[in-house]
Amino acid sequence: MKPVSISYKSKTNLITELLKQENIKTIEEKKGLFSKFVSSSKENSDIYFHSGTIDEKAIESSQKAKAVIVNSATLKEELLSKTDIDSSNIEVIYPSINIDYEKPKTVKQRVCEKLEIDSKKRIILFTANNIKASGVKEFIETIFSLNEENFIGVIAGDSKQIYNLKFQLSKFSYSDKLLLVEDYEDINELYLAADIFLLPTY
C-alpha cells in the first residue's frame, strides 16, 4: 500500500491514531534559527489537518496539500474565503474522544464524590484545550438561561484558564449553577460522568 503523508497544525487524537498505521507518515518541517532564510525543499503532504486560527502558515500548508481536513464547518468556510482551494478538497471531521468505556452510573458516582456534588443532579460538561476560544462564554450564557433547577454546569480546564475565568465571574453569584474544575486528573471520567457534553459552535 502506498504511504500517505500527512501534516498538521496540532496533534489531535485522530492524528495520534493515524500515525499508528504503517502506511501513514508525517512530514516534518525544518525548524531553527536559520530556517526562514534558507529555501526549503519541504515535501508537500497528501493531507493537511487543520484546527484553530487560520494564519499564513496554515494557508500555505493548505494550498500545498492534495486534501485538507478541518474540524468545523466554520473553519472550512473561512479557509475557502481565504484561499482558492476547491471546496471538494476540504473535508470536515468533527472532534472526538477515545476512551475506555465504564458504566456511566459508576463513573458519575465516583466523580460526584470527588467534586462534592449531588449525584442526583444532571451534569452538563464543557471542556476544551482553549476554553475561551471554544465558547465558554456561550456555554455560561446557556447555563444561566436554563429554567431547570436539577443540574450543575461543569467547566473543566487547566489552572491558568480556570483562574482567569474565576476572576471574570467574581462579580456574579454562580456557585449553585456552575462548578469550575481545574487540572482534573482524568478528563475521560468527566466525559463518561456527564449527562450532556456541550461544546458551543456557530
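Refer to the structure printed above.
Residues numbered from 1 in each chain as written. Predicted model: local features only at pLDDT ≥ 70, side-chain atom pairs only at ≥ 80, totals over all residues. Heavy atoms only, no water.

S.K.: What exactly am I supposed to notice about the pattern of salt bridges here?
M.R.: Charged atoms that come close allow side chains of opposite charge to pair. Within this structure, the stated rule accounts for 12 salt bridges. Two residues, R110 and E102, come together in a salt bridge whose shortest N-O distance is 3.1 Å. The network of salt bridges with common partners includes E102, R110, K114, E185 and E189. (Salt bridge = Lys/Arg side-chain N within 4 Å of Asp/Glu carboxyl O.)

S.K.: Looking at this structure, I do not really get the pairing of strand β1 (residues 4-8). What am I missing?
M.R.: When a strand is regular, its side chains alternate between the sheet's two faces. Sheet topology note: the β1/strand β2 (residues 24-26) ladder contains three bridges and is parallel. Across the sheet, the residue bridging to S5 is K25, located in β2. Looking at chain direction, β1 and strand β3 (residues 47-50) are connected through three bridges and run parallel. The residue of β3 that forms the bridge with S7 is Y48. (Pairing = 2+ DSSP bridges. Helix = DSSP H or I, 4+ residues; strand = E, 2+ residues; numbered from the N terminus.)

S.K.: When you look at the sheet that holds strand β4 (residues 67-70) in this model, what are you seeing that I'm missing?
M.R.: Sheet strands line up and pair through hydrogen bonds in the backbone, either parallel or antiparallel. On the basis of which strands lie adjacent, the open sheet formed by five strands has the order β2-β1-β3-β4-β5 and parallel pairing. Looking at which strands have only one partner, the edges of the open sheet turn out to be β2 and β5 (90-92). Mean inter-strand twist for the sheet, computed between neighbouring axes without regard to direction, equals 30°. Contacts between helix α3 (residues 73-82) and the sheet are confined to β3, β4 and β5, with β5 contributing the most and set at about 165° to the helix. (Axes fitted to C-alpha atoms, helices over the stretch in contact; angles between N-to-C directions. Contact = heavy atoms within 4.5 Å.)

S.K.: How do you make sense of helix α6 (residues 159-169) when you look at a structure like this?
M.R.: One full turn of an α-helix is made of 3.6 residues, so residues set three or four places apart face in the same direction. Taken residue by residue, α6 has Q161, I162, L165 and L169 as its buried positions. Down the axis of α6, the sector holding all buried residues measures 95°, keeping them to one side. Opposite the buried face of α6, by more than 90 degrees, sit the exposed residues K160, Y163 and F167. Contact partners of the buried residues in α6: α5 (136-145), β7 (151-157) and β8 (178-182). Capping the start of α6 is the job of one residue whose side-chain oxygen sits 3.2 Å from the backbone nitrogen of K160: D158. (Buried < 20%, exposed > 50% of the residue type's maximum accessible area, 1.4 Å probe, protein only. Arc of directions from axis to C-beta. Polar contact = N/O pair within 3.5 Å; in protein donor to acceptor, adjacent residues only side chain to side chain.)

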